[in-house]
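Chain residues, written in single-letter form:
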Amino acid sequence: MESIVPIEKCKEKKVLLFYCVESEDLARKIASQSDSIQLQSINWRSFDDGFPNLFINNAHAIRGQHVAFLASFSSPAVIFEQLSVIFALPRLFVASFTLVLPFFPTGSFERMEEEGDVATAFTMARILSNIPISRGGPTSLVIYDIHALQERFYFGDHVLPCFETGIPLLKQRLDQLPDADNIVVAFPDDGAWKRFYKQLQHYPMVVCTKVREGDKRIVRLKEGNPAGRHVVIVDDLVQSGGTLIECQKVLAAHGATKVSAYVTHGVFPKRSWERFTCCNEKEGTQRAFSYFWITDSCSHTVKAIGDKAPFEVLSLAGSIANALQI
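Residues numbered from 1 in each chain as written. Predicted model: local features only at pLDDT ≥ 70, side-chain atom pairs only at ≥ 80, totals over all residues. Heavy atoms only, no water.

### Focus: the state of the cysteines
The test is simple: Here, the term disulfide refers to a pair of cysteine sulfur atoms separated by no more than 2.5 Å. Burial here depends on accessible area, computed with a 1.4 Å probe over protein chains only, as a share of the maximum for the residue type. Under 20% is buried, over 50% is exposed, and the range in between is partly exposed.
In this structure the tally under the stated criterion is zero disulfides. Of the cysteine sulfurs around Cys 298, a residue in no disulfide, the closest is that of Cys 20, at 12 Å. The buried category is assigned to Cys 298, whose relative accessible area is 3%.

Shown next, in the form of structure tokens:
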């Protein structure tokens, strides 16, 4: 009888990972997930006039290799220098090129409400759609929890968008809680419900909504019962945090025993995260949120928050490492 030879498990491909200055900590965490991911370096310098003076180290050595770049478009000031590198790397005879942009920053500016509005989400998508094709074909573009689902159709054929999510990290963390069997998931609006409900269907759900009263938009409970439960508000991103604070008040008023929050992207401009820290009584939010989970998609926020309660950072490193093997 012939012996059956087992099929050898596919080996992980070797990936050379470049990164912007802001994303160095996340890049090192990604590299620590797998021996097949090797960090590479770029000299990020500027001329006297402020324009970038950039140099990709070991450019000859990356020929024929699978190359990735970890970007962070945290402000308009850093986008141009990163785009310069992003457009250069695929032209260095690499086998394939992957751009990891965990947070797509203009995603919330995706529609026009009147003639003259500029949908900058479409503008950014058009720019990224013109990344040069590498020897291996179109660029793979990895983005986490993009704000509006229709934005996947904004990209042209020169990039292959791969839309990932941070929700598995949240589910894993919720399973570790002592009251894991008492969790209810809440959505601050219908948009958040549409984005995430299918991934969280095994949890009871609460949906809030915003209604206009005069010049104000008031948060109301639309459906579901939070009474006696640990309610976790889920959304893709947070800016000022005003909506989350109003949702917490509504949920508490309807009997929630605990309220926590999860967002994939903690943008928090102008240090607005301070509204949620335990030592800030000004907003009355000292004990409002039991936990506030964010990922490390926005590196500047992670560095600013540190280990301040109620914040916990759920790292995307493992998920990104897996995405680089696609």
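There is more to say, and it comes next.
### Some words on the layout of surface pockets
Worth spelling out the cut-off: Put plainly, a pocket is an open set of points on a 1 Å grid over the protein atoms alone with protein on both sides within 12 Å along at least five of seven lines, a cavity is a set where a 1.4 Å probe fits but cannot get out, and a lining residue has an atom within 4 Å of a point. Grid points are joined across faces, edges and corners, and a volume is the space filled by probe spheres set on the points. Strands are runs of DSSP state E lasting at least two residues, helices are runs of H or I lasting at least four, and both sets are numbered from the N terminus onward. Note on residue categories: nonpolar means Ala, Val, Leu, Ile, Met, Phe, Trp, Tyr, Cys or Pro, charged means Asp, Glu, Lys or Arg, and polar means any other residue, Gly included.
In this model, the second largest pocket occupies a volume close to 170 Å³. Put simply, the parts of the chain that give the lining of the second largest pocket at least two residues each are strand 8 (159–164) and helix 5 (190–196). The class makeup of the residues in the lining of the second largest pocket is four nonpolar, two polar and four charged.

### Things to note about the sheet that holds strand 12 (residues 230–238)
Two modes of strand pairing occur in sheets, parallel and antiparallel, and in both the strands are linked by backbone hydrogen bonds. We apply this condition: A pair of strands counts as paired when DSSP detects no fewer than two bridges linking them. Convention adopted: a line fitted to C-alpha atoms gives each axis, helices being fitted over their contacting stretch, and angles between N-to-C directions are expressed from 0 to 180 degrees. Residues count as neighbours in contact if any of their non-hydrogen atoms are within 4.5 Å of one another.
If you trace the seven strands from one edge of the open sheet to the other, you get 11-10-9-12-13-14-15, paired in mixed fashion. Edge positions in the sheet fall to strand 11 (216–223) and strand 15 (311–314), since each has one partner strand and no second. Strand-to-strand twist in this sheet, taken as the mean axis angle between neighbours without regard to direction, amounts to 25 degrees. Across seven bridges, strand 10 (residues 205–213) lies against strand 11 in antiparallel orientation. Across the sheet, the residue bridging to Val 207 is Glu 223, located in strand 11. Across the face of the sheet, helix 4 (residues 167–175) comes into contact with strand 9 (183–187), strand 12, strand 13 (258–266), strand 14 (292–295) and strand 15 while running at roughly 125 degrees to strand 15.

### With respect to the pattern of salt bridges
Definition in use: Any carboxyl oxygen of Asp or Glu within 4 Å of a side-chain nitrogen of Lys or Arg constitutes a salt bridge here.
A complete count under the given rule lists eight salt bridges for this structure. Arg 195 is paired through a salt bridge with Asp 235; the nearest N and O atoms lie 3.0 Å apart. Here Arg 195, found in helix 5, pairs with Asp 235, found in strand 12; they are 40 residues apart in sequence, far enough to count as distant. Accessibility assignment for this pair places Arg 195 and Asp 235 in one class, buried. With a closest N to O distance of 3.2 Å, Asp 236 and Arg 195 form a salt bridge. Residue Asp 236 is found in strand 12, and its partner Arg 195 is found in helix 5; the two are separated by 41 residues along the sequence. Asp 236 sits in the buried class, given a relative accessible area of 0%. Of the residues examined, Arg 195 reaches a relative accessible area of 16% and is grouped as buried. Through salt bridges that share partners, Arg 195, Asp 235 and Asp 236 make up one connected network.

On their own, these measurements won't tell you what the molecule is for.
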